[in-house]
Amino acid sequence: MTSHFPDISISTERLVLRPFEEADIPPLTDMMNDELTVAWTTAPTPYTRRDAHEWIVRRAPAERRTGRGIVFAVTEHLTQRLVGSAHLMNTDWRNRRTELGCIIGPWARGEGYAAETVLAIAQWLFRDQRFERLELRTAAGNTASQQVAQKAGCVSEGVLRNARIVRSRTEDGGWTDIRTDTIVWSLLPEDLEDR
């Protein structure tokens, strides 16, 4: 039984999900310093080009090599512009389940790219990798991510109380960590049969 994902790219009508490249360092750095990205992720802040280089060259490839998951750069098919990142993580090979986290840059939000990414990955996981479950976990206050999960056809399964740390702006313009609930969403192969 395979215990790591293949080194692949996934294409949709509008997107190409591919491994990150060093040329993605500047747009990744910009995307990770966006205020909403900072608020909802655990990435370093400020996010530097050194952080982006470390992620692209070492950490993201290690996710695949070690079997923990796989990381995709989400790019527009026509322009090849980086619009986001998708990360399969916490992969359980025995039970054939994994968790997906997506980040979409501010210049690409509202275009349906996040839901398109979720569906493309889910179809690939279920069809080609024979997975049985895909999870998304959204912070209780992150309504945009919740809308993406709903648009992709995910089922809300419940709330993990006080299970996540997110960031909130302080009066002096800095950031502080706060605890929040996490909503667990899932997709199963049968959820995509009508799509």
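This part is about unusual backbone geometry. Here the residue pair Thr 45 and Pro 46 is connected by a cis peptide bond, since its omega of -5° sits within 30 degrees of zero. Within the fold, Pro 46 resides in the loop between α2 (35-40) and α3 (49-65). We note that Asn 90 has phi near 50°; this positive angle belongs to a residue other than glycine. We note that Arg 96 has phi near 55°; this positive angle belongs to a residue other than glycine. Tracing the sequence through the fold places Arg 96 in the loop between β4 (82-92) and β5 (97-104).

What follows concerns the pairing of strand β3 (residues 70-76). Taken across its seven residues, β3 has seven buried, putting it largely inside the fold. Residues Ile 70, Phe 72, Val 74 and Glu 76 of β3 are buried on one face, and the alternating residues Val 71, Ala 73 and Thr 75, pointing to the opposite face, are buried as well. Sheet topology note: the strand β2 (residues 15-18)/β3 ladder contains four bridges and is antiparallel. Bridge pairing links Arg 18 to Ala 73 in β3. Where β3 hands over to β4, the hairpin turn is made up of five residues, of which Gln 80 adopts a positive phi near 65°.

With that settled, consider the nonpolar core. Generally speaking, a soluble globular protein has its nonpolar side chains buried in company with each other. Counting residues in each nonpolar core, the largest one holds 34 residues, and the members touching the most others are Leu 88, Ile 121, Leu 125 and Leu 134. Taken together, the elements giving at least two residues each to this core come down to β2, β3, β4, β5, α4 (113-128), β6 (133-139) and β8 (175-187). Ranked by residue count, the leading element in this core is α4, at ten residues. Every residue in contact with Ile 121, bar those within four places of it in the chain, is listed here: Ile 10, Leu 17, Phe 72, Ala 86, Leu 88 and Leu 100. Listed in part, the 15 residues of the second largest apolar core include Met 32, Ala 43, Ala 52 and Ala 60.

Scanning all chains against the criterion turns up five aromatic pairs. With centroids separated by 6.1 Å and ring planes inclined at 90°, the aromatic side chains of Phe 72 and Trp 124 adopt a geometry described as edge-to-face. With Phe 72 in strand β3 and Trp 124 in helix α4, this residue pair connects regions lying 52 residues apart in the sequence. Each of the two residues, Phe 72 as well as Trp 124, counts as buried. One aromatic cluster in this structure is built from Phe 5, Phe 72, Trp 93, Trp 124 and Phe 131.

Cut-offs used in this document
Residues numbered from 1 in each chain as written. Predicted model: local features only at pLDDT ≥ 70, side-chain atom pairs only at ≥ 80, totals over all residues. Heavy atoms only, no water. Helix = DSSP H or I, 4+ residues; strand = E, 2+ residues; numbered from the N terminus. Buried < 20%, exposed > 50% of the residue type's maximum accessible area, 1.4 Å probe, protein only. Pairing = 2+ DSSP bridges. Core = buried A, V, L, I, M, F, W, Y, C linked by side-chain atoms within 4.5 Å. Contact = heavy atoms within 4.5 Å. Phe/Tyr/Trp six-rings, centres within 6.5 Å; stacked < 30°, edge-to-face > 60°.

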